Amino acid sequence: QVQLVESGGGLVQPGGSLRLSCAASINFPAFTHMGWYRQAPGKQRELVARIISGRGTDYADSVKGRFTISRDTVQAKTMMYLQMINLKPDDTALYYCNIAWFGLGPRDGFWGQGTQVTVSS
């Protein structure tokens, strides 16, 4: 069974930085979509950043210039990262990673359990 495990969340002051990691239990050599999503209390889950195979990266307007998504293969397993700088209180949310096999959309992909990011002074 494919698993995604997020890590790297925590409590940070406004203006601070965090780096989230998503470790997959397998390698995804062919994927359609890799993305980070977040859900704040009382709000719907929203796309934060994504890598679309063959098309590059895409970011929500609210995080452009502050967040960077990347991926790597470590010990034959896929890793995905979200570098976040200049964090704001509005970035507080539970962050999830999602990976979909080639030909599938995010709804048909795999999800992690989430990692909490809290931005507060």
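Our subject is the structure listed above.
For the structure given in this document, a descriptive report is provided here. (Residues numbered from 1 in each chain as written. Predicted model: local features only at pLDDT ≥ 70, side-chain atom pairs only at ≥ 80, totals over all residues. Heavy atoms only, no water.)

**Some points on the packing of aromatic side chains**
- Considering all chains together, one arrives at four aromatic pairs under this definition.
- Between phenylalanine 28 and tryptophan 101, the ring centres sit 4.6 Å apart and the planes meet at 45°, which makes this aromatic pair tilted. With phenylalanine 28 in the loop between strand S3 (18–24) and strand S4 (31–39) and tryptophan 101 in strand S9 (residues 93–101), this residue pair connects regions lying 73 residues apart in the sequence.
- Residue phenylalanine 28 is classed as buried on the basis of its relative accessible area of 0%.
- Lying over the aromatic face of tyrosine 96, arginine 45 brings its terminal NZ or CZ to 3.8 Å of the ring centre. (Phe/Tyr/Trp six-rings, centres within 6.5 Å; stacked < 30°, edge-to-face > 60°. Helix = DSSP H or I, 4+ residues; strand = E, 2+ residues; numbered from the N terminus. Buried < 20%, exposed > 50% of the residue type's maximum accessible area, 1.4 Å probe, protein only. Lys NZ or Arg CZ within 6 Å of the ring centre and 35° of its normal.)

**Thoughts on the layout of surface pockets**
- In this model, the largest pocket occupies a volume close to 170 Å³.
- Surrounding the largest pocket, Arg38, Gln39, Ala40, Lys43, Gln44, Glu46, Pro89, Asp90, Thr92 and Ala93 form its lining.
- Here the residues of the lining of the largest pocket sort into three nonpolar, three polar and four charged. (1 Å grid on protein atoms, 1.4 Å probe; cavity = no way out; pocket = protein on both sides within 12 Å on 5 of 7 lines; lining within 4 Å. Points joined across faces, edges and corners; volume = space filled by probe spheres on them. Nonpolar A, V, L, I, M, F, W, Y, C, P; charged D, E, K, R; others polar.)

**Quick notes on the sheet that holds S3**
- The antiparallel open sheet is built from four strands, whose spatial order is S1-S3-S8-S7. A strand with exactly one partner marks an edge of an open sheet, and here the two such strands are strand S1 (4–7) and strand S7 (67–74). Each strand of the sheet is rotated relative to its neighbour by a mean of 20°, with strand direction disregarded.
- Judged from the four bridges that link them, S1 and S3 form a sheet pairing that is antiparallel. Across the sheet, the residue bridging to valine 5 is alanine 23, located in S3. (Pairing = 2+ DSSP bridges. Axes fitted to C-alpha atoms, helices over the stretch in contact; angles between N-to-C directions.)

**Quick notes on the pairing of strand S8 (residues 77–84)**
- The element S8 is extensively covered by neighbouring structure, given that six of its eight residues are classed as buried.
- Across six bridges, the pairing between S3 and S8 is antiparallel. Its bridge partner lying in S8, serine 21 is registered against tyrosine 81.
- Pairing of S7 with S8, which is carried by eight bridges, proceeds in the antiparallel orientation. Bridging across to S8, phenylalanine 67 finds its partner in methionine 84.
- Between S7 and S8, which pair antiparallel and follow one another directly, the connecting turn spans two residues, one of which, glutamine 75, has a positive phi of 50°.

**Describing the nonpolar core**
- Residues Trp36, Leu82, Met84 and Tyr95 are the most contacted members of the largest nonpolar core, which totals 29 residues.
- Elements represented by at least two residues in this core include exactly S3, S4, strand S5 (46–52), S7, S8, S9 and strand S11 (115–119).
- Once you skip the residues sitting within four places of it in the chain, tyrosine 95 turns out to touch Glu6, Leu20, Trp36, Tyr37, Arg38, Val48, Phe67, Leu82, Met84, Gly114, Thr115 and Val117. (Core = buried A, V, L, I, M, F, W, Y, C linked by side-chain atoms within 4.5 Å. Contact = heavy atoms within 4.5 Å.)

**Digging into the environment of arginine 38**
- Checked against the element boundaries, arginine 38 lands in strand S4.
- Residue classification places arginine 38 among the buried residues on the basis of a relative accessible area of 6%.
- Separated by 46 residues in sequence, arginine 38 and methionine 84 place their C-alpha atoms 13 Å apart.
- When near neighbours in sequence (up to four residues on either side) are disregarded, arginine 38 contacts Gln44, Arg45, Glu46, Val48, Ser62, Val63, Phe67, Asp90, Asp91, Ala93, Leu94 and Tyr95.
- Here the side chain of arginine 38 touches serine 62 through a polar contact of 3.4 Å, side chain to side chain. (Polar contact = N/O pair within 3.5 Å; in protein donor to acceptor, adjacent residues only side chain to side chain.)

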